[in-house]
Amino acid sequence: MTILALDLSTAALPLYNSHSNPQNLTPHLSMSACFPRSPEPIFSDPKQRKMPTSLHSSRTDTALTNPLSRDPNRPQIDDHVYDYAKFCRPSFSNLVYCVPICENRPKTLNHDEDGGDMWLRLKDEARSDIEQEPILSNFYFSSILSHDSLGIALANHLSIKLSNSSLPSGTLYDLFLGVVTGDQEIIKAVQDDLRAVKERDPACISYVHCFLNFKGFLACQAYRIAHKLWSQGRKILAILIQNRASEVFTVDIHPGARIGRGILLDHATGVVIGETAVIGDNVSILHNVTLGGTGKACGDRHPKIGDGVLIGAGTCVLGNVRIGDGAKIGAGSVVLKPVPPRTTAVGNPARLVGGKENPIRLDKIPSLTMDHTSHISEWSDYVI
Amino acid sequence: MTILALDLSTAALPLYNSHSNPQNLTPHLSMSACFPRSPEPIFSDPKQRKMPTSLHSSRTDTALTNPLSRDPNRPQIDDHVYDYAKFCRPSFSNLVYCVPICENRPKTLNHDEDGGDMWLRLKDEARSDIEQEPILSNFYFSSILSHDSLGIALANHLSIKLSNSSLPSGTLYDLFLGVVTGDQEIIKAVQDDLRAVKERDPACISYVHCFLNFKGFLACQAYRIAHKLWSQGRKILAILIQNRASEVFTVDIHPGARIGRGILLDHATGVVIGETAVIGDNVSILHNVTLGGTGKACGDRHPKIGDGVLIGAGTCVLGNVRIGDGAKIGAGSVVLKPVPPRTTAVGNPARLVGGKENPIRLDKIPSLTMDHTSHISEWSDYVI
Amino acid sequence: MTILALDLSTAALPLYNSHSNPQNLTPHLSMSACFPRSPEPIFSDPKQRKMPTSLHSSRTDTALTNPLSRDPNRPQIDDHVYDYAKFCRPSFSNLVYCVPICENRPKTLNHDEDGGDMWLRLKDEARSDIEQEPILSNFYFSSILSHDSLGIALANHLSIKLSNSSLPSGTLYDLFLGVVTGDQEIIKAVQDDLRAVKERDPACISYVHCFLNFKGFLACQAYRIAHKLWSQGRKILAILIQNRASEVFTVDIHPGARIGRGILLDHATGVVIGETAVIGDNVSILHNVTLGGTGKACGDRHPKIGDGVLIGAGTCVLGNVRIGDGAKIGAGSVVLKPVPPRTTAVGNPARLVGGKENPIRLDKIPSLTMDHTSHISEWSDYVI
């Protein structure tokens with residue numbers, strides 16, 4: 001697990017425009033549930049990026065009402081050096097509900113070196129489950145306990161899930177194993193996704209539970225394999241995997257999309273993500289969410305989702321629009337225009353909570369809090 | 001089949017707050033398509049529950065324009081003693097379209113004693129189908145005709161549907177059979193669900209058709225088995241079944257949810273029901289409906305749906321909000337606040353038809369009429 | 001492939017009210033991406049149909065601002081004689097983005113005689129794919145190369161997809177083969193659907209890719225077979241196929257529905273089409289679209305969708321309402337009232353872009369352009 005040492009100048013760069021493969025990126029956004037003290041929108045437009053990253057720009061002082069930047073003389077780096085792992089571990093879950101000032105945020109770093117710990121934990125959980133339910137022994141043995149690593153187990157499990165009478169699991173296993181073992185970044189992303197589900201979904205009772213059963217998690221890993229094949233020019237296989245995942249998990253992610261790490265696809269049924277969509281790190285997406293294109297021209301035509309975004313169930317985001325870091329989109333929304341960082345958009349058509357001119361800024365990362373409804377009181381025309 | 005003898009004082013109690021397992025309940029709500037003559041909202045708040053159940057409260061007189069309480073001197077019990085079976089039988093389907101006064105409602109009781117009749121009927125339908133389509137003989141024989149009871153046939157059919165190469169149908173069959181034969185309430189609920197589909201879905205041509213094919217019905221029964229396992233503390237198995245049902249039927253019902261009887265999940269694709277959701281009796285839910293939570297804290301965080309509620313396609317109800325008995329939620333709505341009994345909420349965000357102060361009261365049970373659109377004329381800003 | 005020679009009098013007749021089986025129809029609507037020069041709404045009400053089809057009715061002059069009828073003295077037939085195939089071929093895709101005047105529209109006709117060319121092309125694509133990915137040899141051989149015609153290959157592929165342990169693929173294959181080889185109209189529709197996907201979906205890389213993988217395409221063909229069986233009175237089999245397709249593809253199309261040719265079900269997850277729905281030719285429908293009924297009475301209770309309509313993701317159209325030829329329904333809309341031809345309806349509840357009194361008329365066929373978002377600027381209350 002890499003240590004993230006960010007300063008404002010890097011934090012101000014959007015993740016996904018400067019890199020061809022987001023899976024190779026060190027996430028830019030601080031992984032605490034609270035936003036870093038950055039006075040600038042992390043997900044800013046190029047013009048803004050060139051501005052000096054002053055802590056005292058009048059615009060952001062107003063927008064944030066500034067709980068995050070109470071002491072301009074304090075060394076800025078303190079707030080921007082985070083261990084990516086720290087918020088993922090159950091013991092840090094309370095951070096998500098930290099006070100806005102985040103005084104209790106640990107400054108020392110410690111992190112999971114290589115994810116081997118997670119595989120051991122998965123195996124322990126599997127053994128514990130078998131003790132409780134011996135009738136599942138065969139299932140857990142063939143799916144978990146007989147394998148030597150997370151990658152092998154994943155290749156095996158996915159190959160069985162996506163196989164059918166025309167596509168034997170053996171063929172898929174060889175293919176998947178080659179991809180997974182050849183790309184350590186995928187394994188890291190798998191681990192981050194497992195942590196994301198475990199941390200953010202209260203219905204997830206263990207890593208092994210997520211690994212074996214959660215179709216959102218499995219569909220996301222099928223995408224990661226397909227994306228790797230796609231980027232290697234093996235489009236036929238990539239699309240085959242996409243379509244099998246769409247049938248088996250009802251999650252339709254084009255292998256050309258670029259998706260970061262720490263992704264939660266909660267419930268996942270009906271999720272559609274188009275070819276040129278880009279999704280940052282630590283994003284939470286509910287079921288029936290569409291990141292769709294428009295028109296039938298090729299080219300960049302799908303949404304760009306920043307880090308830490310939460311998108312509620314049944315929402316459509318259409319076209320090449322940008323959803324800023326840490327933004328929240330309410331359930332059932334239709335979004336056709338950009339949404340600024342840390343704001344909340346709701347409705348059909350979507351509006352910014354607080355108004356277009358002075359939208360209310362979120363002080364917690366919505367994808368981590370999974371708070372879908374606290375915007376109610378601000379949604380002024382909600383009259384029931 | 002139990003006779004329902006309700007009086008106003010019981011009818012005024014919400015079903016699902018006073019019992020740990022709604023499957024053990026005698027449904028409180030009258031099963032006629034017309035509401036009983038209760039002048040009080042059945043699904044009232046605790047304060048209202050303590051009020052005397054006067055037939056002449058000015059508030060409800062106005063709200064109902066009172067077609068249901070035309071004769072205050074008539075013995076009230078008459079309207080509240082119903083045979084649960086009577087509205088479910090095809091021959092009584094016209095009751096749903098009864099005039100508001102419901103003059104033709106039979107006062108005598110007769111009911112199906114134990115559901116054995118339904119199993120015989122299913123077998124008869126199976127034989128008739130085979131006569132028409134001999135190529136289906138094997139399918140019907142192995143699914144229906146070779147079994148001795150509805151419970152055994154259900155355990156067998158579901159075990160085949162939910163099996164895969166990792167989870168053999170034999171293992172699941174033994175598990176399911178143990179649950180189903182050990183809990184007569186499940187069999188009663190299965191029968192009520194079969195009647196609900198047959199009665200309310202004009203596309204359902206027979207019980208056997210529903211039993212073999214309707215994924216909403218099958219997903220609901222998979223939930224009932226998973227819920228029993230969950231309540232026995234066998235969470236690992238319960239969640240495994242949930243996730244297999246989500247893959248196979250694309251219906252994701254947490255086994256911790258509590259769901260009454262006579263449930264129709266129409267079309268069913270994409271339905272998501274969270275862990276602490278509660279659903280009363282005789283509820284009709286269309287596809288892509290979410291009863292979702294908010295936040296990632298554990299605890300009571302999902303909607304509570306009263307008896308006789310109809311929820312249209314694509315609707316999200318989020319958070320621990322109460323949808324009153326006999327309420328109707330229009331398709332594509334987003335509901336984040338409570339909806340009073342017998343009212344109609346539509347839109348994104350949802351509004352009450354007739355306005356918040358004086359919403360129009362429904363005089364028929366929407367889950368039984370399946371009337372999704374008669375609120376159009378009241379939806380004032382609908383301008384096409 | 002039939003040549004379409006349309007004149008205004010036929011073009012003004014709605015497709016689907018005068019025929020029992022739309023699959024037997026020659027599509028009425030011009031297949032160019034631009035609308036023909038008809039000054040009358042193609043999908044008009046009976047009263048309007050009786051009006052003389054004058055090119056100079058003041059109403060349409062205003063509505064269209066008339067780019068399509070710039071020269072009233074020009075022989076009208078020129079604009080209405082199209083080769084159906086011409087817009088489907090990749091080389092003609094630029095036509096969709098033609099200028100409104102469509103000067104570059106070829107006047108000469110050439111068309112694919114019987115679709116045999118398409119089958120040869122599918123086989124060529126299969127061989128090319130195998131060269132790139134030899135591990136798929138068995139899959140492509142058993143699915144494509146071992147078969148003698150498109151119909152046989154389709155019967156085989158669908159029978160495998162829809163089979164399970166209770167319904168062997170051999171039984172389904174015999175059934176499907178009988179239907180497909182006995183009805184040349186189905187094969188024509190299959191070809192038109194293949195062209196529709198290839199032409200309109202930029203993510204579709206080849207015919208064989210669509211044929212093997214696209215669940216929207218496969219679900220549509222399963223419907224065509226089920227519809228044939230339904231119209232032959234074999235309802236039990238028809239419904240069985242419907243329900244298997246709903247499980248396997250999560251596309252639930254009642255076999256009683258009547259659906260034209262050149263249909264694109266894009267992504268397709270969660271599509272629900274009711275028993276008495278009618279869909280014209282060259283319609284594009286995104287995922288999670290519902291064409292639903294209301295009430296539980298039998299009878300004509302589902303929407304009627306004209307030719308060339310585009311329906312965005314997550315939209316519900318409920319009740320027996322008519323969506324006029326060439327209309328566009330935005331994503332996430334709820335439509336309960338008729339939508340005039342060539343207009344755009346968006347929102348929940350849906351409104352006409354440009355207003356009810358004088359809605360903006362589309363000058364391109366939305367199902368062909370797949371333009372989902374160009375109405376934004378007209379959607380006046382969209383404030384982000």
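Everything below is about the structure printed above this text.
What you see is a predicted model, and the numbers here were worked out from it, not measured in a lab. (Residues numbered from 1 in each chain as written. Chains lettered and ligands numbered in written order. Predicted model: local features only at pLDDT ≥ 70, side-chain atom pairs only at ≥ 80, totals over all residues. Heavy atoms only, no water.)

Engineer: I keep staring at the relation of the copies chain A and chain C and nothing clicks. Help me out?
Structural biologist: In this arrangement, two copies of a chain are superimposed by a rotation about an axis accompanied by a shift along the axis. Placing chain A over chain C gives an RMSD of 0.0 Å and needs a rotation angle of 120 degrees, together with 0.0 Å of translation along the axis. Taken together, the turn and the small shift mark the pair as related by a three-fold rotation axis. A share of only 7% of the interface residues of chain A reappears at the interface of chain C, consistent with the copies meeting through non-equivalent patches. (Least-squares fit on C-alpha atoms with pLDDT ≥ 70 in both. Contact = heavy atoms within 4.5 Å.)

Engineer: Help me understand the relation of the copies chain C and chain B, please; the structure alone is not making it clear to me.
Structural biologist: Mapping chain C onto chain B calls for a rotation angle of 120 degrees and an axial translation of 0.0 Å; the resulting RMSD is 0.0 Å. Of the interface residues in chain C, just 7% have counterparts in chain B that sit at the interface too, so the contact is made through distinct surfaces.

Engineer: Whenever I open this one, the interface of chain A and chain C confuses me. Can you help?
Structural biologist: Many authors give the size of an interface as the accessible area that is lost as the parts come together. Taken residue by residue, the interface counts 44 residues in chain A and 47 residues in chain C. Per-residue buried area on chain A facing chain C is highest for Ile236(A), Glu247(A) and Lys296(A); these three make up 20% of the total on that side. Inspection of the region where chain A meets chain C yields 2 salt bridges. Of the charged contacts, one joins Lys161(C) and Glu247(A) as a salt bridge, the two residues approaching to 2.7 Å between their closest N and O atoms. Across the chain A-chain C interface, the total number found is 7 residue pairs in polar contact (both at pLDDT 80 or more). Secondary-structure elements contributing two or more residues to the side of chain A that touches chain C are α7 (169–181), α11 (235–249), β12 (316–318), β15 (334–335) and β17 (351–352) of chain A. Take the side of chain A that touches chain C: its biggest share by element is 8 residues, from α11(A). The class makeup of the residues in the side of chain A that touches chain C is 20 nonpolar, 15 polar and 9 charged. (Buried area = accessible area lost by both parts, 1.4 Å probe. Salt bridge = Lys/Arg side-chain N within 4 Å of Asp/Glu carboxyl O. Polar contact = N/O pair within 3.5 Å; in protein donor to acceptor, adjacent residues only side chain to side chain. Helix = DSSP H or I, 4+ residues; strand = E, 2+ residues; numbered from the N terminus. Nonpolar A, V, L, I, M, F, W, Y, C, P; charged D, E, K, R; others polar.)

Engineer: So what exactly am I meant to see when it comes to helix α11 (residues 215–231) of chain C here?
Structural biologist: For an α-helix, the turn length of 3.6 residues means that residues three or four places apart are oriented alike. Between its first and last C-alpha atoms α11(C) spans 24 Å; for 17 residues at 1.5 Å apiece the expected length is 24 Å, and the two agree. Within α11(C), 15 of the 17 residues are buried, which leaves the element mostly enclosed by the surrounding structure. (Expected span 1.5 Å × (residues − 1). Buried < 20%, exposed > 50% of the residue type's maximum accessible area, 1.4 Å probe, protein only.)

Engineer: What's the story with the interface of chain C and chain B in this structure? I'm lost.
Structural biologist: Of the residues lining the interface, 44 residues belong to chain C; the matching set on chain B comes to 47 residues. Contact between chain C and chain B buries roughly 4000 Å² in total, counting both sides, with carbon and sulfur atoms accounting for 62%. On the chain C side of the contact with chain B, Ile236(C), Glu247(C) and Lys296(C) bury the most area, a combined 20% of that side's loss. Remark: the boundary between chain C and chain B carries 2 salt bridges. Between chain C and chain B we count 7 residue pairs in polar contact (both at pLDDT 80 or more) in total. With 8 residues, helix α12 (residues 235–249) of chain C is the single largest residue contributor to the side of chain C that touches chain B. In terms of residue class, the side of chain C that touches chain B is made up of 20 nonpolar, 15 polar and 9 charged.

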